[in-house]
Amino acid sequence: MRGYRWGIVIIALTTVLGAACAPRQIKPVAATDPAPLLNAVRMRESILERGLSGTLELAYKNGRERFKGSVYIVAYPDGRFRLEVPAPLGGTFLVMTSDSKEILAFYPGRNSAFRSEVDGRSINPYLPFPLPLDPGVLPALIMGVLPAEDTAVKAQAWLMDSGEKLLRVIPDGKDLQFDYLFDAELKERIRKITARGRDLQISLRIGPGPDQLPADFELLLPEGALSGQWDSVAPFIGEKASLVLRIPDSVTITDLEALP
């Protein structure tokens, strides 16, 4: 069930604008060929395969629990990432990495570290802010990219009365639908990605640059709401080795999977 849930969330990164909930000014007026729009989606995904990096303002709300602050992140759509939380007075408070199989979290100031399998025991109790979902799905979430294995899809498209086009993609066997809203003037530019599935709603706005990088997102789940605004974002041009977290030999790594 856990894998099914997280699989849904990964896919959900990219989206749905349910016609029943669409604003009145962007109602569909005519069906159109989905093939060129689906090709544009795949072209965007090919750009993001090299990863992205930048500074992200995160905000999380869950009842009385709150977090707000800047993080630096390097992310790949396959689940690999490196996230750094700066300390209030300088330096680094937390470094967290994932190779899509294992998560490592290191607190330099505390000389403490933790590890967990991506789909294993939750690392939330050992983080300064809880995450409403498994950290392994965050890259796909913030990038708005469909997993590569979801190639079998059903697609429909409509011309909207605003002049924009709406592409709806439904992966086979998934309890989700993904909608891409295309700009009225720039025919192959995605303006917004939204998604809805079981216990899940996502909205992702795309920036104006040629790479169609994400600008901000909002994720709503029963456990809480996570939103992010990019202060800066660009295709990653560094070395993949930067994703490797080197923890000093003097630091004991607590293996969460080995805890009773």
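Refer to the structure above for everything that follows.
Residues numbered from 1 in each chain as written. Predicted model: local features only at pLDDT ≥ 70, side-chain atom pairs only at ≥ 80, totals over all residues. Heavy atoms only, no water.

Visitor: Looking at this structure, how should I read the nonpolar core?
Guide: It is characteristic of soluble globular proteins that their nonpolar side chains tend to be buried jointly. Leu141, Ile142, Leu167, Tyr180, Phe182 and Phe217 are the most contacted members of the largest nonpolar core, which has 53 residues in total. With five residues, the single largest contributor to this core is helix α2 (residues 35–48). If we skip the residues at most four places from it in the chain, Phe217 touches Leu56, Leu58, Leu141, Ile142, Ser203, Leu204, Leu226, Ser227 and Gly228. Of all hydrophobic cores here, the second largest spans seven residues; its members include Val95, Ala113, Leu245 and Ile247. (Core = buried A, V, L, I, M, F, W, Y, C linked by side-chain atoms within 4.5 Å. Buried < 20%, exposed > 50% of the residue type's maximum accessible area, 1.4 Å probe, protein only. Helix = DSSP H or I, 4+ residues; strand = E, 2+ residues; numbered from the N terminus. Contact = heavy atoms within 4.5 Å.)

Visitor: Looking at this structure, how should I read the side chain of Arg82?
Guide: Tracing the backbone shows Arg82 in strand β4 (residues 80–86). Given the relative accessible area of 17%, Arg82 is considered buried. Side-chain polar atoms of Arg82 contact the side chain of Glu84, separated by 2.9 Å. Polar contacts involving the side chain of Arg82 include one to the main-chain carbonyl oxygen of Ser242, which spans 3.0 Å. Setting aside chain neighbours within four positions, we find Arg82 in contact with Tyr72, Ile73, Val74, Val95, Met96, Thr97, Ser242, Leu243, Val244 and Leu245. (Polar contact = N/O pair within 3.5 Å; in protein donor to acceptor, adjacent residues only side chain to side chain.)

Visitor: I tried to follow unusual backbone geometry on my own but got confused; where do I start?
Guide: Note on backbone geometry: most residues besides glycine have negative phi, and most peptide bonds are trans. Its identity is not glycine, yet Asn111 carries a phi of approximately 55 degrees, on the positive side. The topology assignment puts Asn111 in the loop between β6 (102–107) and β7 (112–117). You can call Asn111 exposed: its relative accessible area is 52%. Of note, Gln212 is a non-glycine position whose phi angle comes to about 55 degrees, a positive value. Along the chain, the position of Gln212 falls in the loop between β12 (200–206) and β13 (214–221).

Visitor: Looking at this structure, how should I read the side chain of Glu164?
Guide: Note that Glu164 resides in the loop between β8 (153–160) and β9 (165–171). Among the polar contacts listed, one links the side chain of Glu164 to the side chain of Arg191, at a separation of 2.8 Å.

Visitor: So what exactly am I meant to see when it comes to the pairing of β7 here?
Guide: A regular strand carries its side chains on alternate faces of the sheet. In terms of residue burial, β7 counts as a mostly covered element, since five of its six residues are buried. Here β6 runs beside β7; their pairing, made up of six bridges, is antiparallel. The residue bridging Glu102 from the neighbouring strand is Glu117, located in β7. Note: β7 against strand β15 (residues 253–255), three bridges, orientation parallel. Bridge pairing in β15 places Arg115 opposite Asp255. (Pairing = 2+ DSSP bridges.)

Visitor: Mind showing me how you'd approach the packing of aromatic side chains here?
Guide: Here the distance between the centres and the angle between the planes together describe a pair of aromatic rings. Following the criterion strictly, the structure yields three aromatic pairs and no others. On the basis of an interplanar angle of 75 degrees and a centroid distance of 5.3 Å, the ring pair of Phe93 and Tyr107 is categorised as edge-to-face. Residue Phe93 is found in strand β5 (residues 92–99), and its partner Tyr107 is found in strand β6; the two are separated by 14 residues along the sequence. Residue classification places Tyr107 among the buried residues on the basis of a relative accessible area of 2%. Residues Phe114 and Tyr126 carry aromatic rings whose centres are separated by 4.7 Å and whose planes lie at 35 degrees to one another, so their mutual orientation is tilted. Residue Phe114 is located in strand β7, and its partner Tyr126 is located in the loop between β7 and α3 (138–143); the two are separated by 12 residues in the primary sequence. According to the relative accessible area criterion, Phe114 is buried, its value standing at 13%. For Tyr126, a relative accessible area of 27% puts it in the partly exposed group. Across the ring face of Tyr107, the terminal group of Arg110 is positioned such that the distance to the ring centre comes to 4.5 Å. (Phe/Tyr/Trp six-rings, centres within 6.5 Å; stacked < 30°, edge-to-face > 60°. Lys NZ or Arg CZ within 6 Å of the ring centre and 35° of its normal.)

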